[in-house]
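Coordinates in review
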Amino acid sequence: MSGRTRVVVVGADAAGMSAAHQAMRTAERTGRHLDVTVLDRGRHTSYSACGIPFWMAGDVASGDDLVARTAEQHRQAGIDLRLGTEVVGVSLDERTVATAAGEEIGYDELVVATGAPAVVPSWALRPDGTPYDGVGPVKTLDDGSAWLDRFAEAGDGAHVVVVGAGYVGIEAAEAALRRGLGVTVLTRGRGLALLEDEMSERVALALRAAGAEVVLDAEVTGLDVDGDRVTGVRWGDERRDADLVVVAIGVRPATGFLAGTGLPLSRVGALRPDGHGRVADGVWAAGDCCEVRRRIDDSWVFRPLGTHANKHGRALGDSLAGGTLEFPGVVDTSITRFAACDQYLEIARTGLTLAEASAGSFDPVCLTTEGTTASGYMPEADPVAIWVVADRTTRRLLGVQVVGGRGAGKRVDVAAGVLWRCGTVDDLARLDLAYAPPFSAAWDVVQIAARRVAERL
Ligand SMILES: Cc1cc2nc3c(=O)[nH]c(=O)nc-3n(C[C@H](O)[C@H](O)[C@H](O)COP(=O)(O)OP(=O)(O)OC[C@H]3O[C@@H](n4cnc5c(N)ncnc54)[C@H](O)[C@@H]3O)c2cc1C
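Fair warning: this is a prediction, and the values are worked out from it, not measured in the lab. In every chain, residue numbers begin from 1 and rise along the written sequence. pLDDT decides what is reported in this predicted model: residues at 70 or higher carry local features, side-chain atom pairs at 80 or more are listed and counted, and totals for whole chains, interfaces and linings draw on all residues regardless. Excluded from the side-chain calculation are hydrogens and water; included are all heavy atoms of the structure.

Across the sheet, five strands lie side by side as β8-β15-β9-β10-β11; this open sheet has parallel pairing. Each having just a single partner strand, β8 (135–136) and β11 (213–215) make up the two edges of the open sheet. The rule for pairing is simple: two strands pair if DSSP sees at least two bridges between them. Strands are runs of DSSP state E lasting at least two residues, helices are runs of H or I lasting at least four, and both sets are numbered from the N terminus onward. Relative to β11, strand β10 (residues 182–186) runs parallel, the two being bridged by three bridges. Counterpart to Leu186 in the pairing with β11 is Val215. Strand contacts of helix α4 (residues 141–154): β8, β9 (159–163) and β15 (244–247), with the helix running at about 155 degrees to β15, the strand carrying the most contacts. Here a residue-residue contact requires only that any non-hydrogen atoms of the pair lie within 4.5 Å. An axis is simply a line fitted to the C-alpha atoms; with a helix, the fit covers only the stretch in contact. Between two such axes, the angle follows the N-to-C directions and lies from 0 to 180 degrees.

Here we come to the sheet that holds strand β4 (residues 87–91). Note: strands within a sheet are paired through backbone hydrogen bonds, in either parallel or antiparallel orientation. Ordered by their spatial adjacency, three strands build an open sheet running β4-β5-β6, and the pairing between neighbours is antiparallel. Edge positions in the open sheet fall to β4 and β6 (104–106), since each of these has one partner strand only. For this sheet, the mean inter-axis angle between neighbouring strands, taken without regard to orientation, is 25 degrees. Looking at chain direction, strand β5 (residues 96–99) and β6 are connected through three bridges and run antiparallel. Looking at the pairing, Val97 lines up with Ile105 of β6.

Turning our eyes to something else, we now look at the pairing of β15. Per-residue accessibility, obtained with a 1.4 Å probe over protein chains only, is compared with the maximum for each type, and a residue is labelled buried under 20%, exposed over 50%, and partly exposed between these values. Residues Leu244 and Val246 point to one face of β15 and Val245 and Val247 to the other, with burial holding for every one of them. Alignment of β8 against β15, held across two bridges, turns out to be parallel. Among the inter-strand pairings, Val135 is bridged to a residue of β15, identified as Val245. Relative to β15, β9 is paired through four bridges, and the arrangement is parallel. What sits directly across from Val163, in β15, is Val247.

Time to look at the site of the ligand. Any residue with a heavy atom lying within 4 Å of a molecule or strand is counted as near it. What surrounds the ligand is a group of 29 residues, the closest being Asp13, Asp40, Asp288, Leu305 and Gly306. In terms of residue count, the dominant contributor to the shell around the ligand is helix α7 (residues 306–320) (three residues). Amino acids outside the nonpolar list (Ala, Val, Leu, Ile, Met, Phe, Trp, Tyr, Cys, Pro) and the charged list (Asp, Glu, Lys, Arg) are all regarded as polar, and Gly is one of them. Its residues placed into classes, the shell around the ligand shows 15 nonpolar, eight polar and six charged. Domain delimitation in this document rests on an assignment produced automatically or drawn from a domain database. Three or more residues apiece are contributed to the shell around the ligand by two domains, here domain 1 (4–42 + 83–116 + 252–320) and domain 2 (122–247).

Phe151, Val203, Leu207, Phe338, Ile386 and Leu397 are the most contacted members of the largest nonpolar core, which totals 76 residues. The biggest single contributor to this core is strand β23 (residues 383–391), with seven residues. Once residues lying within four places of it in the same chain are set aside, the contact partners of Phe338 are Ile170, Glu174, Leu177, Ala206, Leu207, Ala210, Gln343, Tyr344, Leu345 and Ile347. Ranked by size, the runner-up nonpolar core spans 23 residues in total, among them Val7, Val38, Ala286 and Ala309. Take the buried Ala, Val, Leu, Ile, Met, Phe, Trp, Tyr and Cys residues and link them wherever side-chain atoms come within 4.5 Å; each set so joined is a nonpolar core.

Put simply, a salt bridge is a Lys or Arg side-chain nitrogen that is within 4 Å of an Asp or Glu carboxyl oxygen. Considering all chains together, one arrives at 38 salt bridges under this definition. In this structure, the salt-bridge partner of Arg294 is Asp297, at a minimum N-O distance of 2.8 Å. Residue classification places Arg294 among the buried positions, given a relative accessible area of 4%. The salt bridge partner of Arg392 is Asp363, with a shortest N-O separation of 3.3 Å. Taken together, the positions of Arg392 in the loop between β23 and β24 (397–404) and Asp363 in the loop between α8 (354–359) and β22 (364–372) put the pair 29 residues apart, joining distant regions of the chain. For Arg392, a relative accessible area of 41% gives the class partly exposed.

Time to look at the environment of Ala321. Its place among the elements puts Ala321 in the loop between α7 and β20 (334–340). Between the alpha carbons of Ala321 and Gly277 there is a distance of 12 Å; along the sequence they are 44 residues apart. In this structure Ala321 touches Ala23, Thr26, Ala27, Thr30, Arg32 and Leu34, once residues within four positions along its chain are discounted.

Now for the domain arrangement of the chain. Parsing the chain into structural domains produces domain 1 (4–42 + 83–116 + 252–320), domain 2 (122–247) and domain 3 (346–456). Listed per partner, the contact involves five residues of domain 1 and eight residues of domain 3. Defined in terms of a 1.4 Å probe, buried area is the accessible area two parts forfeit on being brought together, summed over both. The largest share of the area that domain 1 buries against domain 3 comes from Arg294, Arg295 and Ile296, three residues that together contribute 83% of it. Counting across the domain 1 and domain 3 interface gives two salt bridges. Its salt-bridge partner being Arg303, residue Glu356 comes within 3.4 Å of it at the nearest N-O pair. The class makeup of the residues in the side of domain 1 that touches domain 3 is one nonpolar, no polar and four charged.

Taking 1.5 Å as the rise per residue, α4 with 14 residues should run 20 Å; its terminal C-alpha atoms sit 20 Å apart, in good agreement. Every buried residue belonging to α4 is among Leu141, Asp143, Gly144, Trp147, Arg150 and Phe151, and all of these are buried. Tucked into the core, α4 has its buried residues touching α2 (52–57), β8, β9, α5 (167–178) and β15. Gly155 sits one or two residues past α4 and shows a positive phi near 70 degrees. Here, expected helix span is obtained from the residue count minus one, scaled by 1.5 Å.

Quick look at helix α9 (residues 412–420) now. Of the positions making up α9, those classed as buried are Val412, Ala415, Ala416, Val418 and Leu419. For α9, the angular spread of the buried residues around the axis is 160 degrees, confining them to a single face. Next to the buried residues of α9 lie β21 (343–351), β24 and α10 (425–430). Once α9 ends, the next one or two residues include Cys422, with phi positive near 55 degrees. Think of it as the arc spanned by the lines of direction from the helix axis to the C-beta atoms.

Structure, rendered in structure tokens:
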């Protein structure tokens, strides 16, 4: 490569800005000359969407605290950052992107980092396509700010219906409860997505103990409205009054602007880049607009998480500028917590669910073990339940889920390490883990859980 390379990044958040900065750092090392332009249709850049529910709950004072790097800081680093610039089309032959304002911008290397906006179904929308008053997702800083206003205006006795019991739904329910609002959580399945039902039930118990209503198998069919304002939510033969409705039913990759390029998309509309972020000649992608490779069963999965977006974006930026960094895939690890009204629960998982393990080439055996987060005689000791699944034939550890009190959740990281190395359930049971009474029993509960499964294989 000689001369200057024009890099155009579409999307200025976790994946896009990680890629842009890493590309510039690596280019210094490799002696390449990059002109990096980043386009984003929004007003914000490099913020932690992950922190928005905690801002809504009152743990974070201001939305500004969630901004890791301002637009000005990016520009000072030499990036031509253009906010309020939506890309509506791409020509791979011409190597140009077209913006909503009618501009054509040429590139040598294109980075797609457009993320995955929240799904807002038609029942939540007015005829003009905008959500009814009091209804919205939790996705962007603007959403967070709108929810703070709505919570404040709603006042005492107001009722919030949260549609969806994934991580965002649970965190939104926590925020509403901690703001003193009544809460109903509706979920169309048997519980928290990505958890086994029996682990999910433990989360539902905590939500109920905190005063929330949790309704399983509730597929929302419509809203009741008074003019533009929501007044209720309907599903099956049932309804609840609602002053506010949080729509937390998932996200969908923002890849519509690639229509006509011939770039292959998965069933959910995601790109499938390799570990370096390559999609096609001169086209790269990372973050929520992509699926990631799950190492355990070597399958593609759509896991829109910031932890992947940052790591994959960095590998992409390095590779684009001549480096060799690679994003090595995931073992499907994630975590959240529910803390409201004297309830505190950490919720985490890694690896496969029983259904995923059964669908693959495994012969899964699973078991739930109950224990405590510290030695039983210590005041810190909180209940914890650990679900473990392993393969009968190979003894390979396949998955671990954790629901419990303070200190429970990050235990999943130990299991993630074993999964990463394709270790067995015996490896997990025998690891040299730190022990002192405030932190665990002499046998940590995750090891007891692994040992019990090992004994059944
Ligand atoms: C409430 C909430 C809580 C979360 N909590 C966690 C957590 O605890 N842990 C975790 O790992 N992850 C969490 N996530 C997920 C995490 O925030 C995302 O995975 C991460 O932001 C993805 O980064 P990204 O850069 O791929 O996409 P995004 O952050 O969505 O950025 C994409 C950018 O592209 C822009 N864009 C899209 N289309 C166009 C276009 N056509 N033209 C120009 N610009 C465009 C958008 O405006 C946006 O700024 C959470 C997300 C939410 C919403």
